[in-house]
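# Breakdown of the fold
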Amino acid sequence: MSVTPHFYPHGCVFSSLKSITGKHVTVMGLGLNGGGEASVRFFLQHGAYVTVTDMKTAEQLKPTIDRLSADSSIDTSHLTYRLG
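Below or above, wherever it landed, is the structure these notes cover.

The rules we used
The numbering scheme is per chain: residues are counted from 1 as the chain's sequence reads. Only residues with pLDDT of at least 70 are given local features in this predicted model, and only at 80 or more are side-chain atom pairs given and counted; all residues enter the totals for whole chains, interfaces and linings. Hydrogens and water molecules were not included; the side-chain quantities draw on all heavy atoms of the structure. Numbering of helices and strands starts at the N terminus; helices are DSSP runs of H or I of at least 4 residues and strands are runs of E of at least 2. Each residue is assigned to one of three classes by its accessible area relative to the maximum for its type, calculated with a 1.4 Å probe on protein chains only: buried under 20%, partly exposed between the two thresholds, exposed over 50%. For this analysis, residues touch if any pair of their heavy atoms sits within 4.5 Å. Only the protein chains shown count as cover for residues, and all accessible areas are computed by the Shrake-Rupley method using a 1.4 Å probe. His is not counted here, nor are the chain ends, while Lys and Arg score as positive and Asp and Glu score as negative. Lysine's charge is taken at NZ, arginine's at CZ, aspartate's at CG and glutamate's at CD. What qualifies as a polar contact is a pair of N or O atoms within 3.5 Å, subject to a donor-acceptor requirement within protein and to the restriction that residues adjacent in sequence count only when both atoms come from side chains. Here, the term nonpolar core denotes a set of buried Ala, Val, Leu, Ile, Met, Phe, Trp, Tyr and Cys residues that are joined through side-chain atoms within 4.5 Å. Note on aromatic pairs: the rings of Phe, Tyr and Trp (six-membered ring only in Trp) are paired at centre separations within 6.5 Å, and the planes decide the class, stacked below 30 degrees, edge-to-face beyond 60, tilted for the rest.

### Focus on the overall build of the protein
- Summing up its helical and strand segments, the protein has 2 helices and 3 strands in all.
- Beginning at the N terminus, the succession of helices and strands in the protein can be written as β-α-β-α-β.
- In terms of its C-alpha atoms, the protein occupies a principal-axis envelope of roughly 45 × 30 × 20 Å.
- Out of the 84 residues in the protein, the part that is buried amounts to 30%.
- Partitioning the intrachain contacts of the protein with sequence separation of at least 6 by distance along the chain shows that 67% fall at a separation of at least 24.
- Surface exposure of the protein reaches about 5800 Å², of which carbon and sulfur atoms provide 57%.
- Positive and negative side-chain charges in the protein, numbering 7 and 6 respectively, have mean positions lying 7 Å apart.

Structure (structure tokens):
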């Protein structure tokens, strides 16, 4: 099985995974089903500063926020929430 490398489209701000480091990223919709959480993890693991927005409150998103807060493999000091 051969693996084809991924090429970012012309004009994309990310030319490689390394270029994510230090970028400011907004994840719109943290949610409770894992998609927003996975996006947050991905960008934090690659050194981005992440702002998460969601119309739900912190209380409603507590299970997801708790999982992110408890994960020592990500730098949550680069994570900002704008909820409600």
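### A short note on the environment of Thr64
- Relative to the helices and strands, Thr64 resides in helix H2 (residues 62-70).
- Accessibility expressed as a relative area gives 1% for Thr64, which makes it buried.
- Distance from Thr64 to Thr4, taken between C-alpha atoms, is 34 Å for residues 60 residues apart in sequence.
- A polar contact is formed between the side chain of Thr64 and the backbone oxygen of Gly31, at a distance of 2.9 Å.

### Section: the side chain of Glu37
- Structurally, the position occupied by Glu37 is in helix H1 (residues 35-45).
- Ignoring any residue separated from it by four or fewer positions in sequence, one finds Glu37 in contact with Leu30, Thr64, Arg67 and Leu68.

### Comments concerning the nonpolar core
- In terms of nonpolar packing, the biggest core is built from 16 residues, with Leu30, Val40, Phe43, Val50 and Leu79 touching the most fellow members.
- Those elements that provide at least two residues to this core are strand E1 (24-28), H1, strand E2 (49-54) and H2.
- The dominant element in this core, judged by the number of residues it contributes, is H1, at 3 residues.
- Discounting chain neighbours no more than four positions away, the residues touching Val40 are Val27, Leu30, Val50, Val52, Leu68 and Leu79.

### Things to note about the packing of aromatic side chains
- Enumeration according to the criterion identifies 1 aromatic pair in this entry.
- Seen from their ring centres, Phe42 and Phe43 are 5.2 Å apart, and the 80° between their planes marks the pair as edge-to-face.

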